[in-house]
Amino acid sequence: TTATPVVTRTPGTLTLTMAASPGGQGALTLINAQRAHHHASRTVASSAATEATAHGALLVLGALLKHAGPFMRPRFREACDAAVALREHRSREIRVAVAELLPRLAQYCPEIFSRSYLAITTQHLLKTARSSPPELRDASYEAIGRLALAVRRHLVPSLPDLVDVICGHLAAAGGNNNNNNGGFVQSLATTAAT
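To keep things clear, this report deals only with the structure shown in the data block.

Quick notes on the rules
Residues numbered from 1 in each chain as written. Predicted model: local features only at pLDDT ≥ 70, side-chain atom pairs only at ≥ 80, totals over all residues. Heavy atoms only, no water. Helix = DSSP H or I, 4+ residues; strand = E, 2+ residues; numbered from the N terminus. Axes fitted to C-alpha atoms, helices over the stretch in contact; angles between N-to-C directions. Parallel < 35°, antiparallel > 145°, perpendicular 65-115°, else oblique. Left-handed = near helix turned anticlockwise from the far one by under 90°. Contact = heavy atoms within 4.5 Å. Nonpolar A, V, L, I, M, F, W, Y, C, P; charged D, E, K, R; others polar. Salt bridge = Lys/Arg side-chain N within 4 Å of Asp/Glu carboxyl O. Buried < 20%, exposed > 50% of the residue type's maximum accessible area, 1.4 Å probe, protein only.

**Focus on unusual backbone geometry**
Okay, step 1: Positive phi, close to 40 degrees, is recorded for arginine 152, a residue that is not glycine.
Okay, step 2: Structurally, arginine 152 can be placed in the loop between helix H7 (134-151) and helix H8 (159-172).

Here it is, written out as structure tokens:
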């Protein structure tokens, strides 16, 4: 069962509700933003974290980035470190969650992300796009496109490698664009134009 984070704002408080997906068990857990971040950070840092708790921690970090506004600024590097630490996890589901989280981190603080995490993120996503099962490969392509939109000119040094991956993918697909990676190509074009 996957959980869907729902965030509710009230004056002075941010409540995160993790609701089971439709058809799931339906248990609700309410956590304020500080506790959510604290538990997510501890979970990711723990070597004993289960696949489910690590995945949940990534979902929580993504929800906090989206809804907590400036709350995540002083915790930004910690969130980036958590995502980068899980990028090679044995679970495909966690690797997909990491691929989805990395561009959100880049969008939240593009300058800091570009200086400290862009190189390792780009290298990881390119590697994943080249040699992963379709679900993870497609998530990587989408992440690269979203990353390009977030960091724009900072990605220019990586354009030759990105174009190489695109050309390799299109050649392998026989020119068919059935993989719905148009967003990646459009994002790359947008980056090149900036």
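**Focus: the packing of helix H3 (residues 76-85) against helix H4 (residues 92-108)**
Okay, step 1: One way to put it is that H3 packs onto H4 with a least axis distance of 10 Å and a crossing angle of 155 degrees. The angle between the axes of H3 and H4 places the two elements in the roughly antiparallel class. The hand of the H3/H4 crossing is left-handed. Residues Phe76, Ala79, Cys80, Ala83 and Val84 of H3 lie in contact with H4, whose contacting residues are Val98, Leu101, Leu102, Leu105 and Tyr108.
Okay, step 2: Partitioning the contact of H3 with H4 into residue classes produces 10 nonpolar, no polar and no charged.

**Quick word on the pattern of salt bridges**
Okay, step 1: Under the criterion given, the structure shown has four salt bridges.
Okay, step 2: Its salt-bridge partner being lysine 127, residue glutamate 88 comes within 3.5 Å of it at the nearest N-O pair. Taken together, the positions of glutamate 88 in the loop between H3 and H4 and lysine 127 in helix H6 (residues 118-131) put the pair 39 residues apart, joining distant regions of the chain.
Okay, step 3: Judged by its relative accessible area of 45%, glutamate 88 is partly exposed.
Okay, step 4: A salt bridge links arginine 153 to glutamate 111, with the shortest nitrogen-to-oxygen separation between them at 3.7 Å. Of this pair, arginine 153 sits in the loop between H7 and H8 while glutamate 111 sits in helix H5 (residues 110-116); the two residues are 42 residues apart in sequence, bridging distant segments of the chain.

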